[in-house]
Amino acid sequence: PTESYEDLKLSFKVLGTYFGKEEKMNDVLQNIVAKEQELETLAQGKELPSVMLVMGTSDSFMVMNDKSYLGSLVERLGADNIAKSVLKTESTYSAINLEQIVATDPDMIFVLASGDHGANEDKFKQEVEKNSAWTQLSAYKNDKIYMLDYSIFGVTSIANVDTALTTISDYFFK
């Protein structure tokens, strides 16, 4: 399975070679590497945020570490994913421990809503309203909680990599 950003690039390379499309594959991969380098240059000398990645499902919210697609994109851009650095989660998706999250106080939160984006956004807002611990977070106070589009960030897609990297980078440097 292709779950991370690096897995996606490797799978694309394998498939491009298998189907004899090396030239097209190399063009696409060169464009991706160029985008990475552009964003790395943009990040030089800037302090990148600590980030918490949240996945909304039909019945709960979980944190995502660097093994997830979104987590691997955040890692590639150089930001600190608290699921890895502080919470030390082993599983790609782990239950939210709000006490630990409040103690860690991430600068920014990305919420990836699976399925019906609007319904999950409402559900996340309800979660925040019913537990005031969320309102203690700097990300909440500074309006740095972002709802991400599942069609771009929920599925590993070579066609959406440029958009995904650029979108995250834009949030980092707003």
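This text gives an overview of the structure that appears in the document.

## Structural notes on the layout of surface pockets
Inference 1: Size it by volume and the largest pocket reaches roughly 240 Å³.
Inference 2: In terms of lining residues, the largest pocket is bounded by Glu-121, Phe-124, Lys-125, Val-128, Glu-129, Ala-139, Tyr-140, Asp-143, Lys-144, Ile-145 and Met-147.
Inference 3: Listed by contribution, the elements that provide at least two residues to the lining of the largest pocket are helix H6 (117-130), helix H7 (138-141) and strand E6 (145-148).
Inference 4: Looking at the lining of the largest pocket element by element, the count peaks at 5 residues for H6.
Inference 5: Class assignment for the residues of the lining of the largest pocket results in 6 nonpolar, no polar and 5 charged.

## Some points on the pattern of salt bridges
Inference 1: Under the criterion given, the structure shown has 8 salt bridges.
Inference 2: A salt bridge links Glu-75 to Lys-84; its shortest N-O distance comes to 2.7 Å.
Inference 3: Looking at Glu-75, the relative accessible area reads 39%, which means it is partly exposed.
Inference 4: In this structure, the salt-bridge partner of Glu-127 is Lys-130, at a minimum N-O distance of 3.6 Å. Here Lys-130 and Glu-127 lie together in helix H6, a separation of 3 residues that amounts to about one turn.
Inference 5: Residues participating in the shared-partner salt-bridge network are Glu-6, Lys-9, Glu-36, Glu-40 and Arg-76.

## Some words on the nonpolar core
Inference 1: Among the nonpolar cores identified, the biggest contains 30 residues, and Leu-70, Val-74, Phe-110, Phe-153, Ile-168 and Phe-172 are the most heavily contacted of them.
Inference 2: Contributions of two or more residues to this core are made by helix H1 (5-18), helix H2 (22-43), strand E1 (50-56), helix H3 (69-76), strand E5 (108-113), E6, helix H8 (150-153) and helix H9 (161-172).
Inference 3: For this core, the element with the most residues is H9, which contributes 6 residues.
Inference 4: Look past the residues within four positions of Leu-70 in its chain and what remains in contact with it is Leu-53, Met-64, Phe-110, Leu-112, Leu-148, Phe-153 and Ile-168.
Inference 5: Phe-61, Leu-87, Phe-124 and Ala-139 belong to the second-largest nonpolar core, a separate cluster that totals 17 residues.

## Some details on the pairing of strand E2 (residues 61-64)
Inference 1: One ladder, built from 3 bridges, connects E1 with E2; its direction is antiparallel. Paired with Gly-56 across the strands is Phe-61, a residue of E2.
Inference 2: For E2 and strand E4 (residues 93-95), the ladder comprises 3 bridges, and the chain directions are antiparallel. Residue pairing across strands places Met-64 opposite Tyr-93, the latter belonging to E4.

Conventions adopted
Residues numbered from 1 in each chain as written. Predicted model: local features only at pLDDT ≥ 70, side-chain atom pairs only at ≥ 80, totals over all residues. Heavy atoms only, no water. 1 Å grid on protein atoms, 1.4 Å probe; cavity = no way out; pocket = protein on both sides within 12 Å on 5 of 7 lines; lining within 4 Å. Points joined across faces, edges and corners; volume = space filled by probe spheres on them. Helix = DSSP H or I, 4+ residues; strand = E, 2+ residues; numbered from the N terminus. Nonpolar A, V, L, I, M, F, W, Y, C, P; charged D, E, K, R; others polar. Salt bridge = Lys/Arg side-chain N within 4 Å of Asp/Glu carboxyl O. Buried < 20%, exposed > 50% of the residue type's maximum accessible area, 1.4 Å probe, protein only. Core = buried A, V, L, I, M, F, W, Y, C linked by side-chain atoms within 4.5 Å. Contact = heavy atoms within 4.5 Å. Pairing = 2+ DSSP bridges.

So, to be careful, I would describe these as geometric facts and stop short of saying anything about function.
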